[in-house]
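Chain and residue survey
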Amino acid sequence: MAQTVELLVCVTCKREGMDPEATRPGQLLADALAGQLPEGITLRQTECLSNCTRGCTVALRAPGRWTYIYGNLAPEQAATVAEGAAKYHASADGLVPWRERPEHFRKNCIARIPPLEA
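Below, the structure is looked at part by part.

How each quantity is defined
- Residues numbered from 1 in each chain as written.
- Predicted model: local features only at pLDDT ≥ 70, side-chain atom pairs only at ≥ 80, totals over all residues.
- Heavy atoms only, no water.
- Core = buried A, V, L, I, M, F, W, Y, C linked by side-chain atoms within 4.5 Å.
- Buried < 20%, exposed > 50% of the residue type's maximum accessible area, 1.4 Å probe, protein only.
- Helix = DSSP H or I, 4+ residues; strand = E, 2+ residues; numbered from the N terminus.
- Contact = heavy atoms within 4.5 Å.
- Pairing = 2+ DSSP bridges.
- Arc of directions from axis to C-beta.
- Axes fitted to C-alpha atoms, helices over the stretch in contact; angles between N-to-C directions.
- Phe/Tyr/Trp six-rings, centres within 6.5 Å; stacked < 30°, edge-to-face > 60°.
- Lys NZ or Arg CZ within 6 Å of the ring centre and 35° of its normal.

Moving on: the nonpolar core. Within the largest apolar cluster, 23 residues are counted, with the highest numbers of intra-cluster contacts made by L7, L29, L33, V58, L60 and L73. For this core, the elements supplying multiple residues, two or more each, are β1 (5-10), α1 (25-33), β3 (58-61), β4 (67-70) and α2 (78-90). Top element by residues in this core is α2. It accounts for five residues. Non-local contacts of L73, meaning those with residues more than four positions away in its chain, are made with R15, L29, G55, C56, V58, V81, H104 and F105.

Right, here's the structure in full:
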């Protein structure tokens, strides 16, 4: 069985001009994902992934795997994030072939970070 994958969702991202009292889009995305992820994927809310101009931002990571950071997401794209996380979880090393990724992930990869063990 594959190891646990962490899906980090930045909950501090905000949109330019938004009401400062409104719920942040990243929090709305995290809320939409809660309870919707396949087994083996743990949702972690985090503060600032330092991709403010391209938020909402998420990261997928697991020991021994490449880490990916994706941006330009909206709360309405929770299903896209869940699909991408499931494909990441099913991979042996975190390297999901480009054509197999959800379309949004293909066009909005912010960074790819090698495993710590590399």
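Attention shifts here to the pairing of β3. Here β1 runs beside β3; their pairing, made up of four bridges, is antiparallel. The residue of β3 that forms the bridge with V9 is V58. Here β3 pairs with β4 via three bridges, running antiparallel. Pairing of L60 across the sheet is with Y68, part of β4. Connecting the antiparallel pair β3 and β4 is a turn made up of five residues, with G64 showing a positive phi of about 75°.

This part is about α1. Along α1, the positions that sit buried rather than exposed are P25, G26, L29, A30 and L33. Buried residues of α1, seen end-on, are gathered within an arc of 140° and therefore sit on one face of the element. If you follow the buried residues of α1, they end up packed against β1, β2 (41-46), β3 and α2. Of the residues one or two after α1, G35 is the one with positive phi, at around 75°.

A few words on the sheet that holds β2. Spatially, β2-β1-β3-β4-β5 is the arrangement adopted by the five strands of the open sheet, whose pairing is mixed. The open sheet has two free edges, formed respectively by β2 and β5 (109-113), since each of these has just one partner strand. This sheet shows a mean twist of 15° between the axes of neighbouring strands, independent of strand direction. Across four bridges, β4 lies against β5 in antiparallel orientation.

Further remarks concern the packing of aromatic side chains. Applying the stated criterion across every chain, the model contains two aromatic pairs. Their ring planes at 5° and their centres at 5.8 Å tell us that Y68 and Y70 sit as a pair that is stacked. Just as Y68 is buried, Y70 falls in that class too. An aromatic cluster is defined as three or more aromatic residues linked by ring pairs; in this entry it consists of Y68, Y70 and F105. Seen from the ring of W98, R106 lies directly overhead, with NZ or CZ sitting 5.2 Å from the centre. Across the ring face of W66, the terminal group of R112 is positioned such that the distance to the ring centre comes to 4.2 Å.

In short, the description is geometric, and any link to function would need to be established separately.
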